[in-house]
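Fold and contact review
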Amino acid sequence: MKNKTLPLLAFLFLLINECMFAQNLSISQLLSPTNYFGCISYNDSLVIEIQNNSTDTIHQDSTWFYIDINNTIVDSISIPQRDLATNEKDTINIPLSFGNYGKYVVMAYLNALDSSDIGDTINFNIYVQLSGNYTVNPSLPASMTNFISLSEMAKALEGGACGPITIQIASGLYNEQFILWDAPGININNNITITSEENNADSVIISYNPSNNTNNYIIGIRGLDYLTLEHLTLQNNSSSYGHVITIDSSSTHNNYQYLKLIGNQTTSTSIDMALLYSSAGINTLDSMSNYSNNILIGGSYAMYLYGNNLNHEKYVNIKNNKFVNQYNCGIFTYYLSDFSIDSNIIVTNSNNSNFNGIYARYGKGNIKFSRNQIFATNASGDFIYVRDLEGEINNPIIVDNNFIIQDGGTATVRALYPYNCKYLDIVYNTIKVFGGSSTGGRAIYINKSFGGDYNNLKVLNNIFVNTGGGYAIEISATALSKSYLSFLNNNVYYSTGQYLGKTGITNYANISQWQSAMSSYGFDTQSISYDPQFMNDSSFVFTNIGLDNIAIPYSGINYDITGNILLHHRS
């Protein structure tokens, strides 16, 4: 469209004319466009109806009409195109054409000389949508199939989709950040995949160091659904604002896979330094998303996923990821329901005395923590901490086949810590504590607050080992007096310290004393205290045949941490 400016003499004429007459021209109706979406390109006309609402005749070309697109005036014409008597109408027709992808914010308005602002402006959006295969390659010219920067790609995607979209990013280093917004037309069929051209995360490095909380991201996901983000390295070296991916505005049905997310090797516990951050709030429910086969290095948290207490995030799967040297926490979930954390590896050399490997609080429904491995050198804390989770009698929450090794840290250790849960089953886990203290180190610590309806905790077929001088198992007095446990049996306990276990303030030196104390509850009659004789310190495979046939069948779990079929013994 042709750009025009208002000539000075015409402006003076209109100003004098306006002083003489009480002109009131308004936009009475938008006739076109009726379709605001274009696939690949967009051609239509802006057709509006104007009306004289004043008591005097409005003369031809006595005012101006402007077209503003994305905050830039792109056209202006003098109107009306003929004299209009009182209440008389006229039609204006202006061609609209958009050849580039993206969202266009259109504002059409009458000039300020009109005596009334009522009905002087119309606003609408035009979306030019993508479909098919595209590239991001700065070494090639910009075209309808190639973007020369990631920000140009993101701007184009604001137009939405009229078909499935695949965008391949050429190998190289990109010093950019960008936001992927919600856009029309994107759905399960018209989905978006952004990947590296070589399908290799190391080939594309996107690096950016945010300077404040407002821009704390490399990639911001703002309500965009049906996105697959894969095979990219995203790196944030900021020492204060360390988010790599920030997700909010209810971005659902997304896949984040085969990514490498790298942050600062911080000693901060701030959520500002979380690598993957999903903010709290009723309108930020990032449900039905998968996080798989990623590597997350550094940061305070690797994954910080926070839902809402009234409407939990749901159907989130975290599987086959590797978490390396987070300072404060590997996986943090709050107000998530119906989710799974499966087959992840968490490795840290953090010296934090309150490190969490997996921290999950407030959730209901189908929840599983399965086959995760946590290796904590120098750190103390709670390595699988499940709190305020609520299963059902026929669908309990499952913590199974997890492997935890803690070594070096000398502060409080509760390697497996089920606190205030309901219908939670802990089965086939192997826990090895080498550190902690003689009074504060536990392979498993079972605790319950004085109030609350927490019950039906089952603990069976596990190996709990503490060679750091502390307890293999500790149960709080409240957990026993308030009947938190419904089943505790067929476990292997081993401690090289002075005491094997503890309840309340009472210590028990060996399995006989422990079983005697548990007999009134019917617990641990079939449990034993043997040294498992692991193949090595970092292995979960034991060699002591005395552990065979200790476990009992557990319905629904027929595999061990390696994926092998369980034969209901501890091998």
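Scroll up to find the structure.
These remarks concern the structure in this document. Since this is a predicted model, take the numbers as computed values, not measurements.

Attention now goes to helix H2 (residues 150-157). Residues of H2 that are buried include every one of Leu150, Met153, Ala154, Ala156 and Leu157, and no others. Buried positions in H2, seen along its axis, are confined to an arc of 160° and lie on one side of it.

This brings us to the state of the cysteines. On inspection of all chains with the given rule, the structure shows one disulfide. The disulfide bridge from Cys39 ends at Cys162, spanning 2.0 Å between sulfur atoms. Here the S-S torsion is close to 65°, and the disulfide linking Cys39 with Cys162 is therefore right-handed. Note that Cys39 is positioned in strand S2 (residues 37-39) and Cys162 in strand S10 (residues 161-169), a separation of 123 residues in sequence. For Cys39, a relative accessible area of 42% gives the class partly exposed. Note on Cys162: relative accessible area 25%, which makes it partly exposed. Among the cysteines around Cys329, which has no disulfide bond, Cys421 carries the closest sulfur, lying 16 Å off. You can call Cys329 buried: its relative accessible area is 1%.

Attention now moves to the side chain of Asn455. Inspection of the secondary structure assignment puts Asn455 in the loop between strand S41 (441-446) and strand S42 (457-460). Residue class for Asn455 comes out buried when judged on its relative accessible area of 16%. There is a polar contact of 2.7 Å between the side chain of Asn455 and the side chain of Asn456. With residues up to four places along the chain from it excluded, the contact list for Asn455 reads Cys421, Lys422, Tyr423, Ser483 and Tyr484.

Okay, the environment of Asn200 next. In this fold, Asn200 is placed in the loop between strand S13 (192-196) and strand S14 (204-207). Since its relative accessible area comes to 34%, Asn200 is described here as partly exposed. Considering only alpha carbons, one finds Asn200 and Leu232, 32 residues apart in sequence, at a separation of 6.9 Å.

Rolled over the atoms, a probe with the dimensions of a water molecule shows which regions are left empty. Under the counting rule described, the total for this entry stands at two cavities of 30 Å³ or more. Taken together, Ile245, Tyr256, Leu259, Leu261, Leu276, Asn294, Leu296 and Met303 make up the lining of the second largest cavity. Looking at side-chain class alone, the lining of the second largest cavity contains seven nonpolar, one polar and no charged residues.

About the criteria used
- Residues numbered from 1 in each chain as written.
- Predicted model: local features only at pLDDT ≥ 70, side-chain atom pairs only at ≥ 80, totals over all residues.
- Heavy atoms only, no water.
- Buried < 20%, exposed > 50% of the residue type's maximum accessible area, 1.4 Å probe, protein only.
- Helix = DSSP H or I, 4+ residues; strand = E, 2+ residues; numbered from the N terminus.
- Arc of directions from axis to C-beta.
- Disulfide = S-S within 2.5 Å.
- Polar contact = N/O pair within 3.5 Å; in protein donor to acceptor, adjacent residues only side chain to side chain.
- Contact = heavy atoms within 4.5 Å.
- 1 Å grid on protein atoms, 1.4 Å probe; cavity = no way out; pocket = protein on both sides within 12 Å on 5 of 7 lines; lining within 4 Å.
- Points joined across faces, edges and corners; volume = space filled by probe spheres on them.
- Nonpolar A, V, L, I, M, F, W, Y, C, P; charged D, E, K, R; others polar.

What is shown is where atoms sit, not what they do.
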